[in-house]
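What the coordinates show
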Amino acid sequence: MATTARVGILQRPLAPTGVWSWITTVDHKRIGILYGVTALIMFLIGGLEALAIRAQLATSDANVISAETFNALFTMHGTTMVFMVVMPAGAAFFNFLIPLMIGARDVAFPRLNAFSYWLFLFGTVLMNVSFLAGAAPDSGWFGYAPLTANTFTPSASVDYWVLGLQVLGLGTLIAGFNFVVTILNLRAPGMTLMRMPVFVWMTLIISFLIIFAFPVLTIALTLLMFDRFFGTNFFAMAAGADPLLWQHFFWIFGHPEVYILILPAMGIVSDVLPTFARKPLFGYATVVFAGAAIAFLGFGVWAHHMFTVGLGAWATGAFAVATMTIAVPTGVKIFNWMATLYGGSLRFQTPMLFALGFILMFMLGGLSGVMHASVPVDTQQQDSYFVVAHFHYVLFGGSVFGLMAGIYYWFPKFTGRMLREGIGKVHFWIMLIGFNLTFMPMHVLGVLGMPRRIYTYSADQGWDLLNGIVSAGAFIIAISLLVFLYNVWTSLRNNPRVTTTNPWGASTLEWSIPNPPPVYNFAVVPTVRSLHPLWDEDANPIDPPALPPVDARAIHMPSPSYWPVVLAGAITLLAAGLLIWKQASLPGLVIMMASGVLMLYSLFRFAVEPATEPVHGHGAHGAAAHH
Amino acid sequence: MTSADVKGRVNMARTRGLLRTLFIPALLLAMLVAIASCTVPQNNFAPASDRAQSVMSLYIFLIVAASIVGGGVLFGTLYLIVRYRARPGVQARQIHGNNLLEIGWTLVPIFVLVIIAIPTIIGIAGAARPPRDEALHIRVVGHQWWWEVEYEDIGPNGGALRTANEIFVPVGREIAITLESNDVIHSFWVPKLVGKTDAIPNRVNRLESFTPFEIGTFYGQCAEFCGAAHALMRFRVHVLSQGDFNRWVQALQTPPAPVGGLAEEGRQLFFGAAGCIACHAIAGTIAQGQLGPDLTRFGSRDTLGAGVFENTPENLHQWIYDLRSMKPIPDEPRFMPSFGTLPADDPRHLTNEQVDALVAYLESMRVE
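Rules of the game
- Residues numbered from 1 in each chain as written.
- Chains lettered and ligands numbered in written order.
- Predicted model: local features only at pLDDT ≥ 70, side-chain atom pairs only at ≥ 80, totals over all residues.
- Heavy atoms only, no water.
- Helix = DSSP H or I, 4+ residues; strand = E, 2+ residues; numbered from the N terminus.
- Buried < 20%, exposed > 50% of the residue type's maximum accessible area, 1.4 Å probe, protein only.
- Contact = heavy atoms within 4.5 Å.
- Areas by Shrake-Rupley, 256 points an atom, 1.4 Å probe, with all protein chains shown as cover.
- 1 Å grid on protein atoms, 1.4 Å probe; cavity = no way out; pocket = protein on both sides within 12 Å on 5 of 7 lines; lining within 4 Å.
- Points joined across faces, edges and corners; volume = space filled by probe spheres on them.
- Nonpolar A, V, L, I, M, F, W, Y, C, P; charged D, E, K, R; others polar.
- Buried area = accessible area lost by both parts, 1.4 Å probe.
- Salt bridge = Lys/Arg side-chain N within 4 Å of Asp/Glu carboxyl O.
- Polar contact = N/O pair within 3.5 Å; in protein donor to acceptor, adjacent residues only side chain to side chain.
- Pairing = 2+ DSSP bridges.
- Axes fitted to C-alpha atoms, helices over the stretch in contact; angles between N-to-C directions.
- Core = buried A, V, L, I, M, F, W, Y, C linked by side-chain atoms within 4.5 Å.

A word on the overall build of chain B. In terms of regular secondary structure, chain B is built from seven helices and 12 strands. Counting every position in chain B, which comprises 368 residues, the buried fraction comes to 52%. Considering only contacts in chain B between residues 6 or more positions apart, those separated by 24 or more positions represent 62%. Surface summary for chain B: the accessible area is close to 16,700 Å², and the carbon and sulfur share equals 61%.

What chain A contains, in helices and strands, is 17 helices and zero strands. Overall, chain A is about 75 × 70 × 50 Å in size when its C-alpha atoms are taken along their principal axes. Looking at chain A as a whole, 64% of its 627 residues are labelled buried. Restricting the contact set of chain A to residue pairs at least 6 apart, pairs at least 24 apart contribute 82%.

All names here are of chain A. For the structure shown, the criterion picks out five cavities of 30 Å³ or more. As a volume, the largest cavity reaches approximately 200 Å³. Lining the largest cavity are 22 residues, with M87, A91, T172, A175 and I210 positioned closest to its centre. Put simply, the parts of the chain that give the lining of the largest cavity at least two residues each are α3 (67-102), α4 (110-132), α5 (157-185), α6 (198-230) and α7 (244-277). With eight residues, α3 is the single largest residue contributor to the lining of the largest cavity. A per-class count over the lining of the largest cavity returns 15 nonpolar, seven polar and no charged. Lining the second largest cavity we find 14 residues, and of these D271, P274, S507, T508 and H532 sit closest to its centre. Among the elements that line the lining of the second largest cavity, the one with the most residues is α7, at four residues. Grouping the amino acids of the lining of the second largest cavity by side-chain chemistry returns eight nonpolar, five polar and one charged.

Let us now look at the interface of chain B and chain A. Chain B puts 90 residues into the contact, and the matching count from chain A is 102 residues. It is Y84(B), W105(B) and F225(B) in chain B that bury the most area against chain A; as a group they hold 9% of the surface buried on that side. Our count for the contact surface shared by chain B and chain A stands at two salt bridges. Between R453(A) and E224(B) there is a salt bridge whose closest N-O contact spans 3.9 Å. The interface formed by chain B and chain A contains 24 residue pairs in polar contact (both at pLDDT 80 or more). Put simply, the parts of the chain that give the side of chain B that touches chain A at least two residues each are α1 (3-37), α2 (50-83), α3 (99-128), β7 (194-199), β9 (216-221) and β10 (234-240) of chain B.

Before going further, it helps to spend a moment on the sheet that holds β10(B). Residue and element names in this part refer to chain B. Read from one edge of the open sheet, three strands run β4-β10-β9, paired in mixed fashion. The sheet terminates laterally at β4 (166-170) and β9, the two strands that pair on one side only. This sheet shows a mean twist of 25 degrees between the axes of neighbouring strands, independent of strand direction. Each of β4 and β10 is contacted by helix α4 (residues 242-253), which is oriented at about 130 degrees to β4, the strand it contacts most.

Let's shift gears to the nonpolar core. Judged by nonpolar contacts, the single largest core of 295 residues is most densely connected at F83(A), W246(A), F358(A), I138(B), Y151(B), I167(B) and F188(B). If one sorts the elements of this core by residue count, α3(A) sits on top with 23 residues. Not counting chain neighbours up to four residues away, the residues in contact with I167(B) comprise I138(B), V140(B), V149(B), Y151(B), F188(B), F235(B), R236(B), V237(B) and H238(B). Membership of the second largest hydrophobic core comes to five residues, among which are V332(A), A339(A), I95(B) and W105(B).

As structure tokens, then:
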């Protein structure tokens, strides 16, 4: 009886090492690492796309790449950096850290978590296969109707974009639910909401943002898919459609998306600063509520992406004021971070440098953002390089610097080894200089009237010098990334394992367990009595009293499973079948039907397999699962 | 170590900090010099109309406000970094927060934003004001990748006056432009005259009206990504004296004069075998095609290909012969064929000699 559920190739994979153990893993730490490595690879690809763009724009009338290639590259650069780099990098931190920070052994739905990752990976692959098919998406990451209609983009490029985003968006949405349930239900005893690290708070807020924002994108993409594949008229101009419908859909998703991208970095910085200032975050509650306020207000400002579409004075005025109000909680956060430095004993290790870089660069991006809220001025700035400068200060100076702070800070937690300090500092300074050299002159290019998304410009425009500086800066950023990669490589190879559990002297729960943590995280689930369990001595959950030795085999962790990856593969194959159907209906139909059957079958197996496979030689549990 | 040594070290640290600090302002200053020192045709800060001027004032006001706030945060943070760096024997002060302070720095941004919001709202209201009756009304329609321009009521026989890609307006008169699109979304932007408004299919948008105060030629460019040749969807606005404008209008109302020689050959091709009139119009003739740019008095335009190439016989020849060598236009029937590269048995195929004749005809029609 005990073996009937495990026959042939479908035998449940229980080996703790090897390639299959990674493919079938449901361990939140391993899934976090998978997200992180994928995001890093996509960061390099998106970066190469940016370098090609900058090579073309370095001089006027250049012929480095064709107009068609340029349009595909800027479309994929944006799509990649938003959906395949910054979002999964955030997901990498959520996955690895949230259970550790709240004193849990895994997320609420470990197999669903694996399913999210595989959907993300396969969606990413599906979209990038378009390069090999010679039909890379080229209508912009925002995909404005009616340019995305069959009439104006007859190639399959938009189809790849729609279906790739749909697949990876599904994974994101599922992850959003997973983390809300995890954070609300799996906290260790005593970890009240107001004792959660700020990063956990920001993850909770982001998860709600995902749950409310992503369905809007899903709907918009579905309508576009119907238009492109089945001839409906949602965005068909000849049938009298209003193209602004797409813009409202896209930005009702797209503006909360901005906060989905920046709040992880804000959470990271709010946890890094106290550690390196040796004092608690100034106004913890204020920082938390400011994050929630930003997220809430973020749903009411989407039309500031549409100030030039002719909404009328009342609507633009209302959205201008709403947009300005977001600057209030954002400003409060910056002041609270500054106040955290006040009276501190500041140590300038690499995570701290990136955190400080985050504050200042993000602040500059915030200030140019407020300028966009002033509609008359925005009519000059909209779709100019000033906007490109603004959102790179927020997304690179903000999100990427914040994520870098997190990588340097938690690297010993992820791998058991520190990153090299010296190389890290070199990395920071080169990146800071390259970043400002790249994006600061873009403000001026905007003032000089250079529009976005142009593959060429003529010499009499007077934009050559600044574009040259920008392109040089982009290559300096590339060098800083090489320094970072070298640091990761040499640190993993040559650095000794960290011997203490808490190398930075931090205050939060994840630093009370070994580096990297054992598969079950906490031998004994801790009881939390404070916001800073490792700083407030009488609240320290680990020591004293001494713990009795724990038999790791007695801790039952969820078992690995094939079904998340098979189910995600079947869904992706379904999307690929639809793509093929448009070119050749019969093969496409066969693939869709086959993958549909596989999807239903794996969904069924996913549902009925026990979360934890009964272990051999563990009689009582085995019998219980098979009665 | 004497106290002077300590002071020296602190000063050195401060100097180093200061150098890092100065990096961004120095870069900014260099860029401001770049703005001031060159005559950039799409410079937002060289306004030539009342509207662009008032937007620039608000723009500069915002830059100053942002610099004050940003400078404060930047130098404040750098001060805190230097002042509270770890020193032996100095413990961090365990401060958890301060409600009064936090309420204070919630109110400060509100105060700053109110100051910014007031001129913003005034500006929005100003832009929404309908144009006066005596304004010059122009209808602009975006196409992939050129601009159709139509003046109501001042054309031949009281009808519309049409042109493309180069807009002529008199100085000192209010200009009221409505924007439409024939295909995808475009955006009309002449940075020295007026900020952008989108040209959207199935909608009629009104560009905020503006009054140019300077005679000259001003560059404009499509600002909303509109497909392959988006970067080459430019245009020009010529601000003329009232007299010059009147002469231009009169010329466009007059049918083209008879021509001879090569130009006459070209005229016959244009109205005959080459089939140009299926898409192009010339006022006062039977050519009334609406799919492509109006070519009335084409010879007097500065540019061809939507504000991109200088209007020379060589460029025009290349354009008719193989426009795809000049602009990334997809090979689809809704766009103009590359006539010279069509197969020889294609009835639309044109030889170099035929193209020369067409060039001679088109360049012959000028505003004298």
